[in-house]
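Geometric and topological summary
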There are 2 protein chains.
Amino acid sequence: MLQVVAISMTNHQIAIDSLKETGHRLTPQRVLILEAIEGISGHVTVEQIHQWVTKQNPTIDQATVYRTVRLLSGLHLLNEVVLGGVSHYEYADPVSRHHHMACEHCGCAIHIPTHYLDKLQLQLKNDTGFEPHMEHFTISGLCPDCQLNTNHSHSGHRHVHRGESRSPSHPEVQLP
Amino acid sequence: MLQVVAISMTNHQIAIDSLKETGHRLTPQRVLILEAIEGISGHVTVEQIHQWVTKQNPTIDQATVYRTVRLLSGLHLLNEVVLGGVSHYEYADPVSRHHHMACEHCGCAIHIPTHYLDKLQLQLKNDTGFEPHMEHFTISGLCPDCQLNTNHSHSGHRHVHRGESRSPSHPEVQLP
DNA sequence: GTGCATGCAAACAGTTTGCACAAGT
DNA sequence: ACTTGTGCAAACTGTTTGCATGCAC
């Protein structure tokens, strides 16, 4: 009788298998990029990935990273989350699905459990016929800290501008 | 006794008043831009606004449009809605508040009444302390038409690429 | 060996900005 | 007059692409 063993595989190992299964080539660049996305916690930008992989192999080009994350998103191995105009990527691990709420001011983001949006998703689908893709879904707002710091000087809504790319003060908080 | 008369003002008239009240100058360019945003229905891009105003005054620069929509957003006279990576603007008329759901494939967008998100907004605020800004809020997905046309060739999620800027087949549908 | 993947550089779109001049108050 | 707003052009960021070479299969 066959024994099914639950082996805990890392996300990048799963992704490597998927790549091969779908007939794509397993290059050292791709492996490094996959490891980078796992190594850096949270949702990462192409630039962050590039900096990480560059430490291992300084010749890897940013274009390769762009092409790779695009490929991986297409294979549903990564989710793309756009925060403040820049694409961020994270493993599309189905067991840890969540949504995002990002602070417009400091750029920090928290995870929101899927159940918060389940009814909404169903409602929208029923009422509109639209098929909402909640994976690519981010609510913007102000985090508690920034609410205090910006209540007065509130001149305009688009706080996270191009290139500001601020490092969040409390990057990843988990909800109950 | 004073009589309060409800005069129906157009959005751009209101905006003109707000500009003066906040000490900004009323230039012909700004007036034209305000009229354009009202003249073109739905959420409009800077390029659309520029094309419109150019017909009245061919010397108006795109930079002026950018500066103006930024100013107006800052004064909460416009809402900024980012669809497929490009900023769209619409009057922040409080009586017609709504949210958006945009099709990733064809770029069309429908309006979603605010009540769909009221409970979610409250819930999130209570549970996380985040102050969600639902005005800047768009759910992406697939419209009914594109669900039929893309069920098979579903290779990747980011369908609306830079520069594609497709014209929606059914741009603005109103929900019950 | 064949064809996909990479590195490099150049292009691209959307957006922002520095500066001299124009124009609203 | 004083200052803000404009037009123009140039810069900038994130991203895509064409092409010759390199490497996984």
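Coordinates for the structure precede this section.
What comes next concerns the included structure.

1. Notes on the interface of chain B and chain A
Contact residues are listed per partner, giving 45 residues for chain B and 45 residues for chain A. Around 3,800 Å² of area is buried between chain B and chain A when both sides are counted, 61% of it from carbon and sulfur atoms. At the surface where chain B touches chain A, the tally comes to eight residue pairs in polar contact (both at pLDDT 80 or more). Counting residues per element, the ones that place at least two in the side of chain B that touches chain A are α4 (62–74), β4 (98–103), β5 (109–113), α5 (115–128), β6 (131–132), β7 (138–142) and α6 (144–150) of chain B. The leading source of residues in the side of chain B that touches chain A is α5(B), at nine residues. Across the side of chain B that touches chain A, the residue classes break down as 19 nonpolar, 16 polar and 10 charged. With two bridges joining them, strand β7 (residues 138–142) of chain A and β6(B) adopt antiparallel strand pairing. Opposite A:Gly141, over in β6(B), you have B:Pro132 as the bridge partner.

2. Focus on the packing of helix α1 (residues 11–21) of chain B against helix α2 (residues 28–39) of chain B
Residues and elements named next belong to chain B. Between α1 and α2, the shortest axis-to-axis distance is 9 Å and the interhelical angle comes to 150°. The handedness of the crossing between α1 and α2 is right-handed. Note on element contacts: α2 touches α1 through Arg30, Val31, Leu34, Glu35 and Glu38, opposite Asn11, His12, Ala15, Ile16 and Leu19.

3. What about the protein's contact with DNA strand D?
Around DNA strand D, the structure places 22 residues, and the nearest of them are A:Arg70, B:Arg25, B:Thr27, B:Gln29 and B:Thr64. In the environment of DNA strand D, a phosphate oxygen lies 3.3 Å from a nitrogen or oxygen atom belonging to the backbone of A:Ser87. Between B:Thr64 and DNA strand D, the recorded distance is 2.7 Å, taken from a side-chain N or O atom to a phosphate oxygen. For the surface near DNA strand D, the elements supplying multiple residues, two or more each, are α4 (62–74) and β3 (86–91) of chain A together with α2 and α4 of chain B. For the surface near DNA strand D, the leading source of residues is α4(A), giving four residues. Split by residue class, the surface near DNA strand D holds six nonpolar, six polar and 10 charged.

4. Examining helix α1 (residues 11–21) of chain A
Residues and elements named next belong to chain A. Among all positions of α1, only His12, Ala15, Ile16, Ser18 and Leu19 are buried. Take α1 and look down its axis: the buried residues cluster within an arc of 165°, on one side only. The exposed set on the far side of α1, more than 90 degrees from its buried face, consists of Lys20 and Glu21. Looking at the buried positions of α1, the neighbouring elements they touch are α2 (28–39), α4 and β3. Phi for Gly23, located one or two positions after α1, is positive at around 80°.

5. Some thoughts on the sheet that holds β4(B)
Spatially, four strands are ordered β6(A)-β7(B)-β4(B)-β5(B) in an open sheet, and the strand pairing comes out mixed. Edge positions in the open sheet fall to β6 (131–132) of chain A together with β5 of chain B, since each of these has one partner strand only. Examined bridge by bridge, β4(B) and β7(B) share four bridges and lie parallel to one another. Each bridged residue has a counterpart across the sheet, and for B:His100 the counterpart in β7(B) is B:Thr138.

6. Examining the pattern of salt bridges
Residue and element names in this part refer to chain A. Under the criterion given, the structure shown has two salt bridges over all chains. We note a salt bridge from Lys125 to Glu131, for which the minimum N-O separation is 2.5 Å. In this structure Lys125 comes out as partly exposed when scored by relative accessible area, which is 32%. Under the relative-accessibility criterion, Glu131 is labelled partly exposed at 26%.

7. Some points on the protein's contact with DNA strand C
The local shell around DNA strand C holds 22 residues, among which A:Arg25, A:Thr27, A:Gln29, A:Thr64 and B:Arg70 are the closest. A share of 66% is what sugar and phosphate atoms reach among the atoms of DNA strand C within 4 Å of the protein. In this structure, A:Arg67 approaches DNA strand C through a side-chain N or O atom, which is 2.9 Å from a base nitrogen. For the surface near DNA strand C, the secondary-structure elements that each account for two or more residues are α2 and α4 of chain A together with α4 and β3 (86–91) of chain B. Residue composition of the surface near DNA strand C, grouped by class: six nonpolar, six polar and 10 charged.

8. Digging into the pairing of β3(B)
Residues and elements named next belong to chain B. Counting buried positions along β3 gives five out of six residues, so the element sits mostly inside the fold. Judged from the two bridges that link them, strand β1 (residues 44–45) and β3 form a sheet pairing that is antiparallel. In the strand pairing of β3, Thr45 is matched with His88. As defined by bridge partners, strand β2 (residues 78–83) adjoins β3 across six bridges and the pair is classed as antiparallel. If you follow Val81 over to β3, its bridge partner there is His88. Linkage of β2 to β3, two consecutive antiparallel strands, is achieved through a turn of two residues, within which Gly84 is found at a positive phi near 60°.

Calculation notes
- Residues numbered from 1 in each chain as written.
- Chains lettered and ligands numbered in written order.
- Predicted model: local features only at pLDDT ≥ 70, side-chain atom pairs only at ≥ 80, totals over all residues.
- Heavy atoms only, no water.
- Contact = heavy atoms within 4.5 Å.
- Buried area = accessible area lost by both parts, 1.4 Å probe.
- Polar contact = N/O pair within 3.5 Å; in protein donor to acceptor, adjacent residues only side chain to side chain.
- Helix = DSSP H or I, 4+ residues; strand = E, 2+ residues; numbered from the N terminus.
- Nonpolar A, V, L, I, M, F, W, Y, C, P; charged D, E, K, R; others polar.
- Pairing = 2+ DSSP bridges.
- Axes fitted to C-alpha atoms, helices over the stretch in contact; angles between N-to-C directions.
- Left-handed = near helix turned anticlockwise from the far one by under 90°.
- Near = heavy atom within 4 Å.
- Buried < 20%, exposed > 50% of the residue type's maximum accessible area, 1.4 Å probe, protein only.
- Arc of directions from axis to C-beta.
- Salt bridge = Lys/Arg side-chain N within 4 Å of Asp/Glu carboxyl O.

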